[in-house]
Amino acid sequence: MLKIENLHVKLEDEPREILKGLSLNVKAGEVHAIMGPNGSGKSTLSYVLSGRDGYEVTEGAVAFKGEDLLAMDPNTRAAKGVFLAFQYPIEIPGVATMQFLKVALNSQRKARGEKELSIPDFMRFVKERAAKLNISQEMLKRPVNVGFSGGEKKRAEILQMAVLEPSLCILDETDSGLDIDALKVVADGVNALRSPDRAMIVITHYQRLLDYIVPDFVHVLSAGKIVKSGGKELAHELEANGYAEFVEKVA
Amino acid sequence: MNIALTKTPAEEAFGIALPNRRMEEWRWTDLRARIDRPYPAHQNTVAAKTDVDRLIASSPFAKIKTHRIIFVNGSLDQARSNFTGLTFEMGVPTSSAMDDPLIHLNGAIEPAGLTLRFESNMDVLVEIMHITTKGAARSMALRNCIEVADGASATIIETYLGEGDYVLSSVMEFEIGVGARLDRVKVEHESATATHLSHVVTSMAKDAKLNEFTLTSGGALNRQNGTYTFLGENADAKIAGAYLLNSKQHADTRLVIDHAVPHCTSREVFKCVMDDHARGIFQGKVIVRKHAQKTDGKQSSHALLLSENAEFDAKPELEIYADDVVCGHGATAGDINHDHLFYLQSRGIPEAEAKSLLIGAFVGEAFDGIVNDTMREAMVTFAENWLGQR
């Protein structure tokens, strides 16, 4: 589904390279965890995949379902099935959550040549998914993420994911700022979306999240490169030994 | 200091001097320089029925049931107006003697107008419309007075629509009685080549409530003055406004809120969207007199600049003589927030649509001041159409 080959990325207005030859192959149905110390390039990877401004790809390629992902607008990527759950979800005053979800879903359907959902169908569709994530009707009426607690913001991200039904979910530090109960709700929401047609990239600093969202593969990202890959047991190793080994290796 | 200037052709035609940029309140809007040709009054332009009908139908409130009082080319159109159940008196009110250039100009053009009096809580929306049809360059003036008696309430809509090159001057006086309530919505959607000059004089008695919203979207040149005076305690004024401007449109609003008595509240919220070479100005002055303790006055003006050539100027002025008050002001100007835009795009919303959504959300905060749901929705639709034409 996703094939990243020798990806080199730098900031648009700085010479410093952040990703230095990252390669990764993700197939449908797989859950990949990317772990790494701060500053290793985890968030940059998520932004480059979702199409945020400010980054320049100097080398390498990213193919998504066989197409050149890097050539697409962020909205085209979304319509093709890429979804980024933000580490820090953005507050958008004045745009009601329900309206936002409706415009987003219908924009994607339109881009794919599908029929837009009728309002009653859409409402039913969202309410069902919101209930599973303990998201109240009142929250849906509020502007996007405005005044939401940290946990509410993360649940709202997962709700968007559940509504938009992407084929590739990128979760950027979804566990940050969550207590254990909130983490369980979010993880349950994510696990409910696991399917043979859907792939996930779970970016995290800590192993804790991976107790709840159990990955098929774990990769260690350090200084812009994947320096080690393994199964889920690698996460436990990292938890025990820390990242020191990898940081030193690069230095 | 009065510096004698040679009269311009426009000043000759009006018979009075126009304000110019040497006057502090007019520094951004030099009417003397901008009104660069004569606009004679009383041209008695014959209006074609189809033109009038078309313009009436173009009102954002066309589908809302209102009692319409319709002025066409500066004169009351009795036949088209509906006065059923209204208490009114024909003729221009003379009460306002304020020394203000726009009120002088209004007098010089010899306005048409009437006084409407609301004695109780009438469940009707009264819409005062001014329609200008195509014709020779000319000036027209209206002066109306709305009295809301003690304990009464009223909803007044003003719509200004037109075609062609003209100067329209409108003076409105609002007297809100003890415990009375006024909801006012004004839509300025004049012709793209027109000049709209207005002055609103509002007084509020004890426990009076004002909810006001002004949309400024038409005209080449727009100047709107407002004077709001608190005459009795515990009165409350909420004044909101929105600009939707493009091409070379110029809109300048100057409001003066006079807290002459204690315990009154005023809120001003202006949300201004400027595209292309448009220029928006907001000047808000709040005066708190010596005895007006416990005054709560807040003012904010925010601009969204959609083009590098658009401009916004804000000038808050606070003149506070009392020592136990809460007053504040804030002004911001910026372009669309890129983080917001990326977030929406990352969910599949194309850039143009995402921008419309964000602009609509920005300006929508000013619409929240409109009490009547149907009217608020009409304003949202108007904004959507405006955005759709970008």
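Residues numbered from 1 in each chain as written. Chains lettered and ligands numbered in written order. Predicted model: local features only at pLDDT ≥ 70, side-chain atom pairs only at ≥ 80, totals over all residues.

### Description of the overall build of chain B
- The helix and strand inventory of chain B stands at seven helices and 19 strands.
- What you see for chain B is a C-alpha radius of gyration of 20 Å, in line with the 21 Å of a compact globule of 390 residues.
- For chain B, the spread of C-alpha atoms along the principal axes amounts to about 60 × 50 × 50 Å.
- When the 390 residues of chain B are sorted by exposure, 49% land in the buried category.
- Summarising the internal contacts of chain B: among those between residues at least 6 apart in sequence, 84% fall at separations of at least 24. (Helix = DSSP H or I, 4+ residues; strand = E, 2+ residues; numbered from the N terminus. Rg over C-alpha atoms; globule rule 2.2 N^0.38 Å. Buried ≥ 20, exposed ≤ 12 C-beta atoms within 10 Å, placed from the backbone. Contact = placed C-beta atoms within 7 Å.)

### A word on the overall build of chain A
- A tally of regular secondary structure across chain A gives 10 helices and 12 strands.
- By principal-axis analysis of the C-alpha atoms, chain A measures approximately 55 × 40 × 35 Å.
- Relative to its full complement of 251 residues, chain A shows a buried share of 41%.
- Considering only intrachain contacts with a sequence separation of at least 6, the fraction spanning at least 24 residues in chain A is 73%.

### Observations concerning the sheet that holds strand β13 (residues 236-245) of chain B
All names here are of chain B.
- As summarised here, the arrangement of the 10 strands in space is β2-β1-β5-β7-β9-β11-β13-β15-β17-β19, forming an open sheet in which the pairing is mixed. Two strands bound the open sheet, and with one partner strand each, they are β2 (75-76) and β19 (326-334).
- Summarising the sheet, strand β5 (residues 121-132) and strand β7 (residues 153-162) pair through nine bridges and their orientation is parallel. Bridge pairing links Met129 to Thr159 in β7.
- Those strands touched by helix α3 (residues 49-57) are β1 (67-72), β5 and β7, and its axis lies near 130 degrees from that of β5. (Pairing = 2+ DSSP bridges. Axes fitted to C-alpha atoms, helices over the stretch in contact; angles between N-to-C directions.)

### Some remarks on the packing of helix α4 (residues 119-132) of chain A against helix α6 (residues 150-164) of chain A
All names here are of chain A.
- At a closest axis distance of 10 Å, the pairing of α4 and α6 adopts a crossing angle of 135 degrees. With respect to α6, the element α4 is oriented oblique. As α4 runs across α6, the sense of the crossing is right-handed. Where α4 abuts α6, its residues Phe125, Val126, Arg129 and Ala130 lie against Leu159, Ala162 and Val163.
- Of the residues contributing to the contact of α4 with α6, the split by class is six nonpolar, no polar and one charged. (Parallel < 35°, antiparallel > 145°, perpendicular 65-115°, else oblique. Left-handed = near helix turned anticlockwise from the far one by under 90°. Nonpolar A, V, L, I, M, F, W, Y, C, P; charged D, E, K, R; others polar.)

### Description of the interface of chain A and chain B
- With 21 residues of chain A at the contact, the number on the chain B side is 18 residues.
- Elements represented by at least two residues in the side of chain A that touches chain B include exactly α2 (74-80), β7 (92-96), α3 (97-111) and α6 of chain A.
- With five residues, α3(A) is the largest single contributor of residues to the side of chain A that touches chain B.

### What to know about helix α1 (residues 42-50) of chain A
- Among the nine residues of α1(A), eight are classified as buried, and the element is accordingly described as predominantly covered.
- One or two positions beyond α1(A), positive phi appears at A:Gly51, with a value near 95 degrees.

### Focus: the sheet that holds strand β3 (residues 31-35) of chain A
Residues and elements named next belong to chain A.
- Strand order in this open sheet of six strands is β6-β9-β10-β3-β11-β12, and the pairing throughout is mixed. The sheet is open, and its two borders are formed by β6 (82-85) and β12 (225-230), each paired with just one other strand. In this sheet, neighbouring strand axes are inclined to one another by 20 degrees on average, regardless of whether the strands run parallel or antiparallel.
- Examined bridge by bridge, strand β11 (residues 217-222) and β12 share five bridges and lie antiparallel to one another. Paired with His219 across the two strands is Ser229, which belongs to β12.
- Strands β3, β6, β9 (168-172), β10 (199-204) and β11 of the sheet are contacted by α1, whose axis makes an angle of about 145 degrees with β9.

### Some words on the pairing of strand β12 (residues 221-230) of chain B
Residues and elements named next belong to chain B.
- When you tally the buried positions in β12, you get nine out of 10 residues, the bulk of the element.
- For β12 and strand β14 (residues 250-259), the ladder comprises 10 bridges, and the chain directions are parallel. Within β14, the position partnered with Tyr228 by the bridge is Ile257.

### Comments concerning the packing of helix α6 (residues 351-367) of chain B against helix α7 (residues 373-388) of chain B
All names here are of chain B.
- Taken N-terminus to C-terminus, the directions of α6 and α7 make an angle of 145 degrees; their axes are 10 Å apart at the nearest point. For the element pair α6 and α7, the recorded crossing hand is right-handed. Residues Ser356, Ile359, Gly360, Val363, Gly364 and Phe367 of α6 pack against Arg376, Met379, Val380, Ala383, Glu384 and Leu387 of α7.

### Some words on unusual backbone geometry
- Phi at A:Lys65 is positive, roughly 50 degrees, even though this residue is not glycine.
- Residue placement: A:Lys65 occurs in the loop between β4 (55-64) and β5 (67-68).
- Accessibility expressed as a C-beta count within 10 Å gives 14 for A:Lys65, which makes it partly exposed.
- One non-glycine residue, B:Asn44, adopts positive backbone phi at about 45 degrees.
- By the C-beta count within 10 Å, which is 9 here, B:Asn44 ends up exposed.

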